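Take a look at the letters that make up each chain.
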Amino acid sequence: MSVDLDHIRQVKAEADCLFTAADIEAAMDRMAAEINATLADSNPIVYSVMNGGLVIAGQLVTRLDFPMEVGYLHATRYRNKLSGGELFWKARAEHSLVGRTVLIVDDILDEGHTLAAIVEYCRDAGASQVLTAVLLDKQHDRKAYAGMRADFTGMPVVDRYIFGFGLDYKGYWRNANGIFAIPEA
Ligand SMILES: O=P(O)(O)OC[C@H]1O[C@H](OP(=O)(O)OP(=O)(O)O)[C@H](O)[C@@H]1O
Ligand code: HPA
């Protein structure tokens, strides 16, 4: 499928910056302090949820100062589209999860179906404790279940389609160093 790069560039040029790189750094510092205080003695496996979790997970783990294993899970619900569908698994855990503490790191808790399914999968695979960390928690009442929250959250974000710092717009701009919202129609 061909991509109109002029359109991709235009979306970035016209987007609203919701959080700067400095805002994100500060949020990751706060998250890391909480995670260091909570998980230091748990010998966890820390999983990035690909693709969106790649950027936050990479930068978060360097702030964590205790022994851990790291890896990735790949589950996608949006598949480069602007609204979510059925969860599609591309890669499951390589480690045995039996008796382990698992920390799942993702870019965003939006409706939460992705994280809910991953948590259920880790529990079913025998993990003794499954915790979740997200950079952003989108504010709306469409969560997978009422009151759903991650165990560690960086920042709340408004209910708009956003990109940057792992989040994509049509597969692009995961590399944008900030959180941006496409203009409202
Ligand atoms: O809370 P939800 O409504 O389930 O949405 C959150 C998920 O959606 C995005 O992934 P996506 O399916 O777009 O795949 P990607 O990580 O490859 O972008 C994001 O990275 C989360 O994993
Ligand atoms: O707002 C979003 N932007 C990009 N990817 C997403 N996945 C869930 N919500 C979003």
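The model shown is predicted, which means the values in this text are computed figures rather than measured ones.

A. Broad picture of helix α3 (residues 53–61). When we look at burial in α3, the residues that qualify are Gly53, Val55, Ile56, Ala57 and Leu60. Buried residues along α3 sit against α2 (21–39), β2 (45–50), β5 (101–109) and β6 (129–138).

B. Spatial organisation of the nonpolar core. Val102, Ile104, Val105 and Ala133 are the most contacted members of the largest nonpolar core, which totals 44 residues. With sequence-adjacent residues up to four places away left out, Ile104 is seen in contact with Tyr47, Val49, Leu115, Ile118, Val119, Val130 and Thr132.

C. Structural context of the sheet that holds strand β8 (residues 162–163). Spatially, three strands are ordered β1-β9-β8 in an open sheet, and the strand pairing comes out antiparallel. Looking along the sheet, the strands with just one partner apiece sit at the ends: β1 (16–19) and β8. The sheet contact formed by β8 and strand β9 (residues 179–181) spans two bridges and is antiparallel. By the bridge assignment for β9, Phe163 is matched with Phe180.

D. Focus on the sheet that holds strand β4 (residues 88–91). Pairing is mixed across the open sheet formed by six strands, whose spatial order is β4-β3-β2-β5-β6-β7. Of all strands in the sheet, those bounded by a partner on one side alone are β4 and β7 (152–157). Direction aside, neighbouring strands of the sheet carry axes that sit 25° apart on average. By the bridge criterion, five bridges tie β6 to β7 in an arrangement that is parallel. When the bridges of β7 are listed, Asp137 appears paired with Pro156. Contacting β5, β6 and β7, α2 crosses the sheet at an angle of about 150° to β7.

E. Representation of the confidence of the model for the chain within the structure. In the predicted model, the chain carries a mean pLDDT of 95, and 99% of its residues have values of at least 70. Both scores are available for the predicted complex, with the pTM at 0.96 and the ipTM at 0.98.

F. Fine view of the site of ligand 2. Within the structure, ligand 2 sits among Tyr78, Ile108, Asp110, Tyr161, Ile162, Phe163, Leu167 and Asp168. Its residues assigned to classes, the shell around ligand 2 shows six nonpolar, no polar and two charged.

G. The arrangement of the UniProt feature "domain: Phosphoribosyltransferase" (unreviewed entry) in the chain in detail. Following the UniProt record, the feature "domain: Phosphoribosyltransferase" (unreviewed entry) maps to residues 23–144 here. End-to-end, the C-alpha atoms of residues 23–144 are 27 Å apart, and along that stretch the chain is 31% helix and 30% strand.

H. A look at the environment of Phe88. Among the secondary structure elements, Phe88 is positioned in strand β4. Residues Phe88 and Tyr169, spaced 81 residues apart in sequence, show a C-alpha to C-alpha distance of 19 Å. Not counting chain neighbours up to four residues away, the residues in contact with Phe88 comprise Ala75, Thr76 and Arg79.

Criteria and cut-off values
Residues numbered from 1 in each chain as written. Chains lettered and ligands numbered in written order. Predicted model: local features only at pLDDT ≥ 70, side-chain atom pairs only at ≥ 80, totals over all residues. Buried ≥ 20, exposed ≤ 12 C-beta atoms within 10 Å, placed from the backbone. Helix = DSSP H or I, 4+ residues; strand = E, 2+ residues; numbered from the N terminus. Contact = placed C-beta atoms within 7 Å. Core = buried A, V, L, I, M, F, W, Y, C linked by C-beta atoms within 7 Å. Pairing = 2+ DSSP bridges. Axes fitted to C-alpha atoms, helices over the stretch in contact; angles between N-to-C directions. pLDDT = per-residue confidence, 0-100. Near = placed C-beta within 6 Å. Nonpolar A, V, L, I, M, F, W, Y, C, P; charged D, E, K, R; others polar. UniProt positions renumbered as here; feature names shortened; annotations may be inferred.

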